[in-house]
Amino acid sequence: MAGFEDAAARWNGRYGAPGWLFGTEPNDTLAARADLFAPGDRVLCVADGEGRNSTWLAARGCRVVAFDLSEVALRKAAGLAAERGVEVEFHRSSTDDWDWSPRPGEPAFGAVVAVFVQFATPAQRAAMFEGFARTLRPGGVLLLVGYGPRQMEYGTGGPGILEHLYDEPMLREAFAGWRIERLERAQRELREGSGHVGMSDVVEFVARRP
């Protein structure tokens, strides 16, 4: 548990600063793809932080489960959900510890949302991607947003570790056999709280599980 607690302490420190680290509005790629989510859809939000994405989905009528390893972030997320009058099932977990298998008596998720989950090493990322496949129903959709390699030049967010970033060949290989609906990389300005600010190398990926 030492690794978990060390990471949790680091993120608790970041989320414990005044204000909202990544803002309270949903990620712009997620908001632009509202068509992917319908009322009643079961959606899993991975490493959801302060709840900006999960609460937005819940306000659209989705049944949302979200997890993060920071209890500080989860408290802020619960407060945001209460403020917005929505329900989200929040859990404290890392991506390593999360049980990706569908729960007994419950259907698999119809969607997984993973926005800037950039702390994963290549081995952790491979396990997480396998988890996405396990937790989604056939035909379920994955929306993934992350930083590309040029983010190392910009330094406007992200881990500053090249191996933790995404690129197009990696995603095509990792999700071979999935129906890829969107895979685009663009250099554009981000304005997400104080954590993501400025020109950024952004990768957007939407794919459906076979």
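Calculation notes
- Residues numbered from 1 in each chain as written.
- Predicted model: local features only at pLDDT ≥ 70, side-chain atom pairs only at ≥ 80, totals over all residues.
- Heavy atoms only, no water.
- Buried < 20%, exposed > 50% of the residue type's maximum accessible area, 1.4 Å probe, protein only.
- Helix = DSSP H or I, 4+ residues; strand = E, 2+ residues; numbered from the N terminus.
- Pairing = 2+ DSSP bridges.
- Right-handed = clockwise from strand over helix to strand, strands pointing away.
- Disulfide = S-S within 2.5 Å.
- Axes fitted to C-alpha atoms, helices over the stretch in contact; angles between N-to-C directions.
- Salt bridge = Lys/Arg side-chain N within 4 Å of Asp/Glu carboxyl O.
- Phe/Tyr/Trp six-rings, centres within 6.5 Å; stacked < 30°, edge-to-face > 60°.
- Parallel < 35°, antiparallel > 145°, perpendicular 65-115°, else oblique.
- Left-handed = near helix turned anticlockwise from the far one by under 90°.
- Contact = heavy atoms within 4.5 Å.
- Nonpolar A, V, L, I, M, F, W, Y, C, P; charged D, E, K, R; others polar.
- Polar contact = N/O pair within 3.5 Å; in protein donor to acceptor, adjacent residues only side chain to side chain.

1. Some details on the pairing of strand E4 (residues 109-115)
With seven of seven residues buried, E4 is to be regarded as a mostly interior element. Across four bridges, strand E1 (residues 42-46) lies against E4 in parallel orientation. When the sheet's bridge partners are listed, valine 43 is paired in E4 with alanine 111. Strand direction decides the pairing type here: E4 and strand E5 (residues 136-147), joined by six bridges, are parallel. Looking across to E5, one finds that phenylalanine 109 is bridged to leucine 136. Of the crossover connections in this fold, the one passing from E4 over helix H5 (residues 122-135) to the parallel E5 is right-handed.

2. So, the state of the cysteines
On inspection of all chains with the given rule, the structure shows zero disulfides. No disulfide involves cysteine 45; its sulfur sits 8.7 Å from that of cysteine 62, the nearest cysteine. By relative accessible area, cysteine 45 is classed as buried at 1%.

3. A look at the sheet that holds E1
Spatially, seven strands are ordered E3-E2-E1-E4-E5-E7-E6 in an open sheet, and the strand pairing comes out mixed. Strands with a single pairing partner mark the edges of an open sheet, and in this sheet they are strand E3 (88-92) and strand E6 (179-192). Strand-to-strand twist across the sheet, computed as the mean angle between neighbouring axes with direction ignored, equals 15°.

4. Topic: the pattern of salt bridges
In total, this model carries 19 salt bridges according to the counting rule given. Across the pair aspartate 35 and arginine 33 runs a salt bridge whose closest N-O atoms are separated by 3.0 Å. Owing to a relative accessible area of 57%, aspartate 35 belongs among the exposed residues under this scheme. Members of the salt-bridge network, linked through shared partners, are Asp28, Arg182, Glu184, Arg188 and Glu204.

5. Some points on the packing of aromatic side chains
Across all of its chains, the model carries eleven aromatic pairs by this definition. Considering the side-chain rings of tryptophan 100 and phenylalanine 132, the 5.6 Å spacing of their centres and the 75° angle between planes classify their relative orientation as edge-to-face. Highlighted residues: tryptophan 100 in the loop between E3 and E4 and phenylalanine 132 in helix H5, separated in sequence by 32 residues. Judged by centre distance (4.9 Å) and plane angle (80°), the rings of phenylalanine 175 and tryptophan 178 are edge-to-face.

6. A look at the packing of helix H3 (residues 52-59) against helix H4 (residues 71-84)
Interhelical geometry of H3 versus H4 gives an angle of 25° and a closest axis separation of 9 Å. Judged on the interaxial angle alone, H4 and H3 are roughly parallel. Crossing of H3 over H4 shows right-handed handedness. Along its contact with H3, which presents Arg52, Thr55 and Trp56, the element H4 presents Ala77, Leu80, Ala81 and Arg84. Residue composition of the contact of H3 with H4, by class: four nonpolar, one polar and two charged.

7. Some remarks on the side chain of glutamate 192
Mapped onto the elements, glutamate 192 comes out in strand E6. Classification of glutamate 192 by relative accessible area gives buried; the value is 5%. A polar contact is formed between the side chain of glutamate 192 and the side chain of arginine 52, at a distance of 3.2 Å.

8. Concerning unusual backbone geometry
One non-glycine residue, alanine 47, lies in the positive phi region at around 50°. Turning to its location among the elements, alanine 47 is positioned in the loop between E1 and H3. For alanine 47, a relative accessible area of 19% translates into the label buried. A positive phi angle is found at phenylalanine 116, which is not glycine, with a value near 55°. With respect to the element layout, phenylalanine 116 can be found in the loop between E4 and H5.

Spatial relationships are all this shows, so hold off on functional conclusions.
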